[in-house]
Amino acid sequence: MEKWGTCFWNMNDIHPDDVGEFEKFGENQSFQEIVRFVEEEETYIKVDNGEHIFRIKSKLFHEITAPKFLIGEEVIVESQGEKKNAIILCDKWHFKQEEHFYFVSVNGKKRTRRYFESEIERVEEI
């Protein structure tokens, strides 16, 4: 069973051999992302954020429930009173409600509204 988590990290929290992937962001940039646990390596864990697989300090990983939808997945959402095809662009974690929420694009345009899992349907569910 896959483990998913959220973590807050900055450049000092990345394994020195993996820093090159993130140099474009600058040293003082902080990140908060949902990641998939890959494997443990001593004081670091290897995680996948959908774009990169990298190692961060293991103490930064906080396990959460697995997402129902993955980035890039085609789904159905209600937009302007109609059901429309959409693509998952981003998966975030709502700490107070302890659940995933997503940002999507409809017809190639990013929507600013956040959608919780209960507001999204799989394409085959229609």
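Data block above holds the structure.
What comes next concerns the included structure. Computed from a predicted structure; not experimentally measured.

## As for the packing of aromatic side chains
Summed over all chains, the structure comprises 6 aromatic pairs. An angle of 55° between the planes, with centres 6.0 Å apart, marks the rings of Phe37 and Phe61 as tilted. Here Phe37 is found in strand β2 (residues 30-41), whereas its partner Phe61 is found in the loop between β4 (53-57) and β5 (62-64), with 24 residues between them in sequence. Between Phe101 and Phe116, the ring centres sit 5.8 Å apart and the planes meet at 50°, which makes this aromatic pair tilted.

## Looking at the pattern of salt bridges
With the rule as written, the count across this model stands at 9 salt bridges. Its salt-bridge partner being Lys46, residue Glu39 comes within 3.2 Å of it at the nearest N-O pair. Look at Glu39 and you get partly exposed, because its relative accessible area is 35%. For Lys46, a relative accessible area of 22% puts it in the partly exposed group. Here the salt bridges share partners, and the residues they tie into one network are Asp18, Glu39, Glu41, Lys46 and Arg55.

## Quick notes on the layout of surface pockets
Estimates place the volume of the largest pocket at around 560 Å³. Along its surface, the largest pocket is lined by 23 residues, and Glu33, Ile34, Asn49, Gly50 and Ile71 are the ones closest to its centre. Mapped onto the lining of the largest pocket, the elements with two or more residues apiece are β2 and β7 (82-94). Ranked by residue count, the leading element in the lining of the largest pocket is β2, at 5 residues. Partitioned by chemical class, the residues of the lining of the largest pocket number 11 nonpolar, 4 polar and 8 charged.

## Things to note about the sheet that holds β5
Taken together, the 5 strands give an open sheet; going across it, the order is β4-β3-β2-β1-β5, and neighbouring strands pair in antiparallel fashion. Here the strands that pair on one side only, and so sit at the sheet edges, are β4 and β5. Sheet twist, expressed as the average angle between the axes of neighbouring strands with direction ignored, equals 50°. With 5 bridges joining them, β2 and strand β3 (residues 44-48) adopt antiparallel strand pairing. From the neighbouring strand, Glu40 faces β3, where its bridge partner is Ile45.

Rules used in this analysis
- Think of each chain on its own: its residues are numbered from 1, step by step along the sequence as written.
- At least 70 in pLDDT is required for a residue's local features to be given in this predicted model, at least 80 for side-chain atom pairs to be given and counted, and no such filter applies to totals for whole chains, interfaces and linings, which use all residues.
- The basis for the side-chain values is all heavy atoms of the structure; hydrogens and waters are excluded.
- Two rings belonging to Phe, Tyr or Trp (six-membered ring only in the last case) form a pair when the distance between their centres is within 6.5 Å. Interplanar angles under 30 degrees mark stacking, angles over 60 mark edge-to-face geometry, and anything in between is tilted.
- Labels follow the DSSP assignment, with helices taken as runs of H or I lasting at least four residues and strands as runs of E lasting at least two, numbered in each case from the N terminus.
- One side-chain nitrogen of Lys or Arg within 4 Å of one carboxyl oxygen of Asp or Glu is enough to make a salt bridge.
- For every residue, the accessible area (1.4 Å probe, protein chains only) is compared with the maximum for its type, and the residue is labelled buried under 20%, exposed over 50%, or partly exposed between those bounds.
- The definitions used throughout rest on a 1 Å grid laid over the protein atoms alone, on which a cavity is an enclosed set of points accommodating a 1.4 Å probe that cannot get out and a pocket is an open set flanked by protein within 12 Å on both sides along at least five of seven lines; lining residues are those having an atom within 4 Å of a point.
- Grid points are joined across faces, edges and corners, and a volume is the space filled by probe spheres set on the points.
- Charged residues are taken to be Asp, Glu, Lys and Arg, nonpolar residues to be Ala, Val, Leu, Ile, Met, Phe, Trp, Tyr, Cys and Pro, and polar residues to be all remaining types, Gly included.
- What makes two strands pair is DSSP finding at least two bridges between them.
- Geometry is summarised by axes, namely lines fitted to C-alpha atoms with helices restricted to the contacting stretch, and by angles between N-to-C directions that run from 0 to 180 degrees.

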